[in-house]
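# Examining the three-dimensional arrangement
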Amino acid sequence: PDKEVNDYGARNRKGLDVGQLGAKSYIPAGMSKAEYEKIRAGDKAKKDANYAKNVAKAGKFTDYTAWYRKRGTDTNDSWVKSATKGHEMAKTKYDWSGGKDAPKYTGVEKK
């Protein structure tokens, strides 16, 4: 048995591929077989790129001890006076300061 078969990133070694369209395969109305194959290949490329991006991020964590020392908690309390109070700030999808890209459902208006 392959003990690495379920490891994250193992999909690349499994030889998964998009099936070939045959004579009786479904092809959407108004589309040729070549056009449909091109769309399916593009979808697979997108899926593979997304998977590769996530595999690259796997297993990367912040070391607590290094973060604690970088913040300076072990030597002084200047971190208390910062705007974030020692917290690491994450990026969000939208600009929540009221900019032009805030989603309308939030009620955040442009300043």
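Here the structure is shown first, and the text comes after it.
Now for a quick tour of the structure.

## Details of the overall build of the chain
Tallying secondary structure elements over the chain gives two helices and zero strands in all. The buried share of the chain, taken over its 111 residues, is 12%. Of the contacts formed within the chain by residues at least 6 apart in sequence, a portion of 22% connects residues at least 24 apart. Of the roughly 9900 Å² that the chain leaves accessible, carbon and sulfur atoms contribute 54%.

## Focus on the packing of aromatic side chains
One pass over the full model with this rule turns up one aromatic pair. The interplanar angle of 90° and the centroid separation of 6.4 Å between the aromatic rings of Tyr26 and Tyr36 together place this pair among those described as edge-to-face. Residue Tyr26 is found in the segment before α1 (33–57), and its partner Tyr36 is found in helix α1; the two are separated by 10 residues along the sequence. A relative accessible area of 61% means that Tyr26 is categorised as exposed. Sitting over the face of the ring of Tyr51, Arg11 holds its NZ or CZ atom 3.9 Å from the ring centroid.

## Section: the pattern of salt bridges
Inspection of every chain in the model, using the stated rule, returns two salt bridges. Note that Arg13 and Glu4 form a salt bridge whose closest N and O atoms lie 4.0 Å from each other. The exposure class of Glu4 is partly exposed, given its relative accessible area of 39%. A salt bridge links Asp48 to Lys44; the shortest N-O distance between them is 2.9 Å. Of this pair, Asp48 and Lys44 both sit in helix α1, separated by four residues, roughly a single helical turn.

## Looking at the layout of surface pockets
Roughly 240 Å³ of volume is contained in the largest pocket. In this structure, the largest pocket is lined by Arg11, Asn12, Gly15, Leu16, Asp17, Val18, Asp43, Lys44, Lys47, Asp48, Tyr51 and Ala52. Considered class by class, the residues forming the lining of the largest pocket number four nonpolar, two polar and six charged.

## Some words on α1
Its 25 residues give α1 an end-to-end C-alpha distance of 37 Å, which sits within 8% of 36 Å, the value for a rise of 1.5 Å per residue. Among the residues trailing α1, Gly59 stands out with phi positive, at a value near 75°.

## Digging into the environment of Lys14
Here Lys14 lies in the segment before α1. For Lys14, a relative accessible area of 44% puts it in the partly exposed group. With residues near it in sequence (within four places) discarded, Lys14 still touches Val5 and Asn6.

What counts and what doesn't
- Residues numbered from 1 in each chain as written.
- Predicted model: local features only at pLDDT ≥ 70, side-chain atom pairs only at ≥ 80, totals over all residues.
- Heavy atoms only, no water.
- Helix = DSSP H or I, 4+ residues; strand = E, 2+ residues; numbered from the N terminus.
- Buried < 20%, exposed > 50% of the residue type's maximum accessible area, 1.4 Å probe, protein only.
- Contact = heavy atoms within 4.5 Å.
- Areas by Shrake-Rupley, 256 points an atom, 1.4 Å probe, with all protein chains shown as cover.
- Phe/Tyr/Trp six-rings, centres within 6.5 Å; stacked < 30°, edge-to-face > 60°.
- Lys NZ or Arg CZ within 6 Å of the ring centre and 35° of its normal.
- Salt bridge = Lys/Arg side-chain N within 4 Å of Asp/Glu carboxyl O.
- 1 Å grid on protein atoms, 1.4 Å probe; cavity = no way out; pocket = protein on both sides within 12 Å on 5 of 7 lines; lining within 4 Å.
- Points joined across faces, edges and corners; volume = space filled by probe spheres on them.
- Nonpolar A, V, L, I, M, F, W, Y, C, P; charged D, E, K, R; others polar.
- Expected span 1.5 Å × (residues − 1).

Without other data, these values stay purely geometric and don't point to any function.
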